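Residue-level listing of the chains:
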Amino acid sequence: MASTNPFLKGSPSLSNVGAFCHAMATDLFPVCRSISGPGVRQTLGYLKERVPQLQVHAVPSGTKVFDWTVPQEWSVRDAYIEDGQGNRIVDFRENNLHVIGYSTAIDAMMDLEELQDHLHSLPDQPDAIPYITSYYSKRWGFCLTDHQRKSLKAGNYRVFIDTELKDGVLNYGEIVVPGQVSKEVFISTYICHPSMANNELSGPVVATAIACWLNSLKDRYYTYRLVFIPETIGSLIYTSSNLDHMKKHIVAGFNLTCIGDERNYSYLPSRAGDTLSDRVVQYVMRNIDENYRTYSWLDRGSDERQYCAPGIDLPIASIMRTKYGEYPEYHTSLDDLTLVTPNGLAGGFDVVRKSIEILESNIKPIIKTLGEPHLSKHGLYPSLSTKETASKVRNMMNLITYSDGNDDLLAIAQKINVPFMELVPIVQKLVKAKVMDTTR
Amino acid sequence: MASTNPFLKGSPSLSNVGAFCHAMATDLFPVCRSISGPGVRQTLGYLKERVPQLQVHAVPSGTKVFDWTVPQEWSVRDAYIEDGQGNRIVDFRENNLHVIGYSTAIDAMMDLEELQDHLHSLPDQPDAIPYITSYYSKRWGFCLTDHQRKSLKAGNYRVFIDTELKDGVLNYGEIVVPGQVSKEVFISTYICHPSMANNELSGPVVATAIACWLNSLKDRYYTYRLVFIPETIGSLIYTSSNLDHMKKHIVAGFNLTCIGDERNYSYLPSRAGDTLSDRVVQYVMRNIDENYRTYSWLDRGSDERQYCAPGIDLPIASIMRTKYGEYPEYHTSLDDLTLVTPNGLAGGFDVVRKSIEILESNIKPIIKTLGEPHLSKHGLYPSLSTKETASKVRNMMNLITYSDGNDDLLAIAQKINVPFMELVPIVQKLVKAKVMDTTR
Amino acid sequence: MASTNPFLKGSPSLSNVGAFCHAMATDLFPVCRSISGPGVRQTLGYLKERVPQLQVHAVPSGTKVFDWTVPQEWSVRDAYIEDGQGNRIVDFRENNLHVIGYSTAIDAMMDLEELQDHLHSLPDQPDAIPYITSYYSKRWGFCLTDHQRKSLKAGNYRVFIDTELKDGVLNYGEIVVPGQVSKEVFISTYICHPSMANNELSGPVVATAIACWLNSLKDRYYTYRLVFIPETIGSLIYTSSNLDHMKKHIVAGFNLTCIGDERNYSYLPSRAGDTLSDRVVQYVMRNIDENYRTYSWLDRGSDERQYCAPGIDLPIASIMRTKYGEYPEYHTSLDDLTLVTPNGLAGGFDVVRKSIEILESNIKPIIKTLGEPHLSKHGLYPSLSTKETASKVRNMMNLITYSDGNDDLLAIAQKINVPFMELVPIVQKLVKAKVMDTTR
């Protein structure tokens, strides 16, 4: 599957995929994203330049989605706090985390005591601006560092938030990369977070690089579907609109989040815990980093919550570097582009790419002969039988003995303790010798 | 389920249930019980005063019961050994263990050598009178301490046993406490042992207290059936007469024996080992005493032998404090009311009560929404989303994610590591919000 | 099942079975066996003298066998290397390992350099002649010790191999010892190896002793089928001709190889791993030597490869002393009759015999009564009930409680931790008392 330049014109080679991803993240970092609004459209438009087949969908405010309702569309024009001297001491234009997500508008004077009820900071992380939202309950507020908050003096302040909350649409992006069959591998990531890098620009840029790479491949067995959605409401919208199709077609899927730092590799299973997705991700991670962290379904907190909910039950596992909630910069202004690096993103990309490569090759081998095939007749076995003969063809013989149609190649690789990719050419030889069939 | 005075008029409160049980045991201790006869009727009559709905059944001698036959009815008027000087040196009136259970009558003179063949004592426990029976083979004999036996001098003795073995009836008691449904929780204990306290007055008195408590409850989901039977022949009689009903209705059951001392908590599984009864008892015991002892089915020795026999296969597990055969006083006169204490009985009562409370609340929750419900809409989730939001509703979210209709609440409590009783009000909130159904 | 002289006239007693086997091995050691040819016929003829019902089958060269073809028949009249002085320095008549199995004929002069391409020795074992074959590719060659090879001086040598490879037959032997039922226990061993003792004369001589012992038994439940075949091609021929019969009739089977040394006891499972054969062999070995070695299916290398191949899937496990490939003498001239001893062979025989004894007695017991049977009524339980009563009949009670028709006697023996053979008379007593049935 390797090729010297597998990517489409204008796309990165595998060797600079980290830089490609990091450059996208750098461009998109300042955009004020939320679960709806112009920042989302700007982000999807940017990604569509890299993957032209990306389609942008729009769902009207008020649409019923299972137990939920699509909220109104939100946009921010400006937001600041001015002190008595007219100085902007907190300014949305400096950092879009300063205003609560979905904050209502306000233009008022108030003293510090009244203002305090609308301020959010983190005493334990005095240099960090927290990330706060209030999508489904109307309120206004500002986020700031605790240092800044503590420096505020008694007096009057002007609070100005020029936001708009109106009936509009919620947008999300979808890329389909067709394959030989309509069975799908599903990849999901979210585009609702403003200026934070690991959670969450890493997922969208790695997913975009994966789409570029998939486009560059000559031949794909599976169809690939990648969705760029707002968290929670987006996965609810997508599954509510496509559940029958998803249940029928998805053979494996991955939720990509916090996939760009260099600290760990982390895996969070599907609710079922033993799906094909789970088996593949665990296999790949163990081979990349034997100290990768496995979380439990009880540790979940991203869109796997919806994809694996009772009655939905899709085979979707989460691929991460350092898990959300497990690193100190999480959900603050400290989650920035120093935490997320080209190397970190390239490592996340590799887990996804290798998982896909295994899925593509993961046939079920079926030996066609009763008894062992006469390998030397097919040129696959030494004709001279000595003490050492058996060990030379051990992997091939072990593959054959488990090719009874019950196990896929990944299961056999683990049973016989041989790297998956070493088995692929052996299968090809046996198929060519007409002693093996494959199925899915 | 708690209430300030849950018991019926004249019954104890939960806080003095141990004293209530111990007082009953004290009253009943001197009665000469066996598998049939007046002592059994006297005992059942006494218990009926506490639980008026107790019904006394009578099965005629000679009735065929599976591979067994109901033996004749036995009664003792008097029994003693007199020495040459006319002194009663062994006297049934002093301790009813002195005569072998179902001993035939005799009135004869004999020398010590001949007498020895009919004496039973315990060289290793020289102060204990052993408990010996011979229900199905005719013989006569006395039990005495080894000290007393060794003090017997050569000479002639008069042995006098005035027992009667005649066609009559075998009695047992049955209490039904009706519930909303005809599905039953079954509790069994035995009333065939003469003056011994842990094995066996503890079971009957704790079962009686449980019946009082059940009667005091306003509402019960299950019907409760408590039987007070002679060991072995009683459980055979009961199952042979009621097997179809039992197999159809019993959802869980407990055999209560040796449930009144303060040493251990002990659990002996059903033959299947993984029934609802087993799961509940283990859960309750682990929470009361993490060092509780688990025995194997191979250690069985009480009526679970019949209830779980091949072809009967009821889901009945045994609840004990210190298991029969595992304490030195077992089956001797040392098993008395100093070994069995109010605290010990209260502890045994608690295991049964808590097991019942779990059974009553052990519904299967089923989440009605696809995807997670919109909890904040239902007032069940903070509307402001911060770093800590998830942990505040963690238990509710974990309950929801496993509410797929496959697991009962007990299984979910164990999967998500939350005390069962903490989940009950959460289920109630979700049901009230109309996002959850429950089934059994 | 024991008897003072269980063997047929002319056969050994159990106490000298090792000597009986070793004597056969000594007689057969010099014969030049291969997968076909006169050595095989001579060997089968010798064994038929001990077990007259042995039938010799012949399969024509060129017969198609699954993916294989029966090779031509091979015979050696003479083979040697002469040095320049006319001395026979390597001589087939001294050791039939000196010529490659299925070597083609040659009569030529050549210098040492050219000769070297046709010589095989073992630098790590300079005193051993290696065992080399080339059944399916035409070549000629000699095997010799590395010491001898290194002593060869430059110069001309005459190489003379007078072999014949012609259309003929491949022979194998088959013994059927009939039983009450047509269900079969299958035993396989191979007769294609020339002068090596553990691998492989131990298997044929132990299988022959087993046939003698089976013939000596008055009554057998199962039919026994023992095959003496060339390795690989023989098991392929046998299964291709008899697959339907085998799949329908074989309840258990054992492949005997390397079963005559004194070092270890070793077990290699069937591919399925949990068949009746696997359970029996593991049980017997654990009881003979708790340090017996268990190999994995990945360690396989004998005819279990064919018997357990996908689509064949017979319940056949391998019984060995020290496994092929695991001892230094393996596949060399050092695998001789000092390595294989009467004691070693007797130990191998014992594993097979005890496995068969268990299979013969391994009924499924079914208790006929509901509830426990009234054992004292049947004279099987003490009529006097004391503290110790239960322990005296513990094994019988434990057997009864698991006699629900789900478990065979071997499973019950393991559940209740009682030696299998101690349960057999208990079953007989219960059957006699008409409270137990048995099935298979």
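Residues numbered from 1 in each chain as written. Chains lettered and ligands numbered in written order. Predicted model: local features only at pLDDT ≥ 70, side-chain atom pairs only at ≥ 80, totals over all residues. Heavy atoms only, no water.

K.L.:
Could you give an account of the side chain of Asn96(A), naming the residues involved and the relevant values?
P.N.:
Note that Asn96(A) resides in the loop between strand E5 (88-91) and strand E6 (106-111). Reaching out from Asn96(A), the side chain makes a polar contact with the side chain of Ser195(A) at a distance of 2.9 Å. (Helix = DSSP H or I, 4+ residues; strand = E, 2+ residues; numbered from the N terminus. Polar contact = N/O pair within 3.5 Å; in protein donor to acceptor, adjacent residues only side chain to side chain.)

K.L.:
An account of the nonpolar core is needed here, citing residue identities and associated values.
P.N.:
Looking at soluble globular proteins, one finds that nonpolar side chains tend to be buried together. All names here are of chain A. Counting residues in hydrophobic clusters, the biggest one holds 92 residues, and the most contacted among them are Ile 210, Leu 226, Leu 399 and Leu 430. Counting residues per element, this core draws most heavily on helix H5 (residues 202-216), at 9 residues. Ignoring any residue separated from it by four or fewer positions in sequence, one finds Leu 226 in contact with Gly 173, Glu 174, Ile 175, Val 177, Ile 187, Ala 207, Ile 210, Ala 211 and Leu 214. (Core = buried A, V, L, I, M, F, W, Y, C linked by side-chain atoms within 4.5 Å. Buried < 20%, exposed > 50% of the residue type's maximum accessible area, 1.4 Å probe, protein only. Contact = heavy atoms within 4.5 Å.)

K.L.:
An account of the relation of the copies chain A and chain B is needed here, citing residue identities and associated values.
P.N.:
When chain A is fitted onto chain B, the two copies agree to an RMSD of 0.0 Å after a turn of 120° and an axial shift of 0.1 Å. What we have between these two chains is a three-fold relation. Judged by C-alpha distance, Asp274(A) is the residue of chain A that lies nearest the rotation axis, at 14 Å. (Least-squares fit on C-alpha atoms with pLDDT ≥ 70 in both.)

K.L.:
Just give me the short version of unusual backbone geometry, but keep the residues and values in it.
P.N.:
Positive phi is not limited to glycine here, since Asn417(B) has a value of about 55°. As for its position among the elements, Asn417(B) is in the loop between helix H12 (409-416) and helix H13 (420-432). Even without being glycine, Lys434(C) reaches a positive phi, approximately 65°. Judged by its relative accessible area of 65%, Lys434(C) falls in the exposed class.

K.L.:
Describe the interface of chain A and chain C, listing the residues and the values that go with them.
P.N.:
Between chain A and chain C, the residue contacts involve 26 residues of the former and 30 residues of the latter. Inspection of the chain A/chain C interface yields 3 salt bridges. Between Lys377(A) and Asp67(C) there is a salt bridge whose closest N-O contact spans 3.1 Å. Counting across the interface, chain A meets chain C through 13 residue pairs in polar contact (both at pLDDT 80 or more). Taken together, the residues that form the side of chain A that touches chain C break down as 9 nonpolar, 11 polar and 6 charged. (Salt bridge = Lys/Arg side-chain N within 4 Å of Asp/Glu carboxyl O. Nonpolar A, V, L, I, M, F, W, Y, C, P; charged D, E, K, R; others polar.)

K.L.:
Residues and numbers for the pattern of salt bridges, please.
P.N.:
Residues and elements named next belong to chain A. In total, this model carries 63 salt bridges over all chains according to the counting rule given. For Glu 49, the salt bridge goes to Arg 50, with nearest N and O atoms at 3.3 Å. Residue Glu 49 is classed as exposed on the basis of its relative accessible area, which comes to 62%. Residue classification places Arg 50 among the partly exposed positions, given a relative accessible area of 26%. The partner of Glu 184 in a salt bridge is Arg 225, with the nearest N and O atoms 2.7 Å apart.

K.L.:
Describe a negative patch on the surface, and please don't skip the residues or the numbers.
P.N.:
Side chains of Asp111(A), Glu113(A), Glu114(A) and Asp117(A) sit close together on the surface and give a patch of like negative charge. With respect to the secondary-structure elements, Glu113(A) resides in helix H3 (residues 112-116). (Patch = residues over 30% accessible without salt bridge, like charges linked within 9 Å, V, L, I, M, F, W, Y side chains within 5 Å. Areas by Shrake-Rupley, 256 points an atom, 1.4 Å probe, with all protein chains shown as cover. Lys, Arg positive; Asp, Glu negative; His and termini not counted. Charge placed at Lys NZ, Arg CZ, Asp CG, Glu CD.)

K.L.:
Please set out the sheet that holds strand E12 (residues 223-229) of chain B residue by residue, giving values where relevant.
P.N.:
Residue and element names in this part refer to chain B. One open sheet accounts for 8 strands, arranged E1-E10-E12-E11-E13-E16-E14-E15; its pairing is mixed. This sheet does not close on itself; its edge strands, each paired only once, are strand E1 (55-60) and strand E15 (293-294). Pairing of strand E11 (residues 184-190) with strand E13 (residues 250-256), which is carried by 5 bridges, proceeds in the parallel orientation. Bridge pairing in E13 links Val 185 to Ala 252. (Pairing = 2+ DSSP bridges.)

K.L.:
How would you summarise the packing of aromatic side chains if you had to cite specific residues and measurements?
P.N.:
Given two aromatic rings, their pairing is described by the distance between the two centres and the angle made by the two planes. This structure, assessed with the given rule, holds 36 aromatic pairs over all chains. When the centroid spacing of 6.4 Å and the interplanar angle of 80° are considered together, the rings of Trp140(C) and Phe142(C) count as edge-to-face. Aromatic rings pair up to connect Trp68(A), Trp74(A), Tyr102(A), Tyr135(A) and Tyr136(A) into one cluster. Over the ring of Tyr221(A) we find Arg440(A); its NZ or CZ atom is 3.7 Å from the centre of that ring. The ring of Tyr295(B) carries Lys323(B) above its face, with NZ or CZ at 5.3 Å from the centroid. (Phe/Tyr/Trp six-rings, centres within 6.5 Å; stacked < 30°, edge-to-face > 60°. Lys NZ or Arg CZ within 6 Å of the ring centre and 35° of its normal.)

K.L.:
Before we move on, could you go through the sheet that holds strand E4 (residues 73-82) of chain B and cite the residues and values that matter?
P.N.:
All names here are of chain B. Judged by pairing direction, the sheet is antiparallel, and its 4 strands sit side by side in the order E5-E4-E9-E6 without closing on themselves. The outermost strands of the open sheet, each flanked by one partner alone, are strand E5 (88-91) and strand E6 (106-111). Strand-to-strand twist in this sheet, taken as the mean axis angle between neighbours without regard to direction, amounts to 20°. Pairing analysis gives 3 bridges linking E4 to E5, with the strands arranged antiparallel. Bridge pairing in E5 places Ile 81 opposite Val 90. (Axes fitted to C-alpha atoms, helices over the stretch in contact; angles between N-to-C directions.)

K.L.:
Talk me through the interface of chain A and chain B; I want residue IDs and the actual numbers.
P.N.:
Each side of the interface is counted separately: chain A has 30 residues, and chain B has 26 residues. Surface buried jointly by chain A and chain B totals about 2300 Å² across both partners, of which 50% is contributed by carbon and sulfur atoms. Summed over the three residues of chain A that lose the most area to chain B, namely Asp67(A), Leu298(A) and Pro310(A), the buried surface amounts to 28% of that side. For the pair chain A and chain B, the interface holds 3 salt bridges. A salt bridge links Glu372(B) to Arg305(A), with the shortest nitrogen-to-oxygen separation between them at 2.6 Å. Our enumeration of links across chain A and chain B arrives at 13 residue pairs in polar contact (both at pLDDT 80 or more). Among the elements of the structure, helix H6 (233-249) and helix H8 (304-307) of chain A are those that each provide at least two residues to the side of chain A that touches chain B. Partitioning the side of chain A that touches chain B into residue classes produces 15 nonpolar, 9 polar and 6 charged. (Buried area = accessible area lost by both parts, 1.4 Å probe.)

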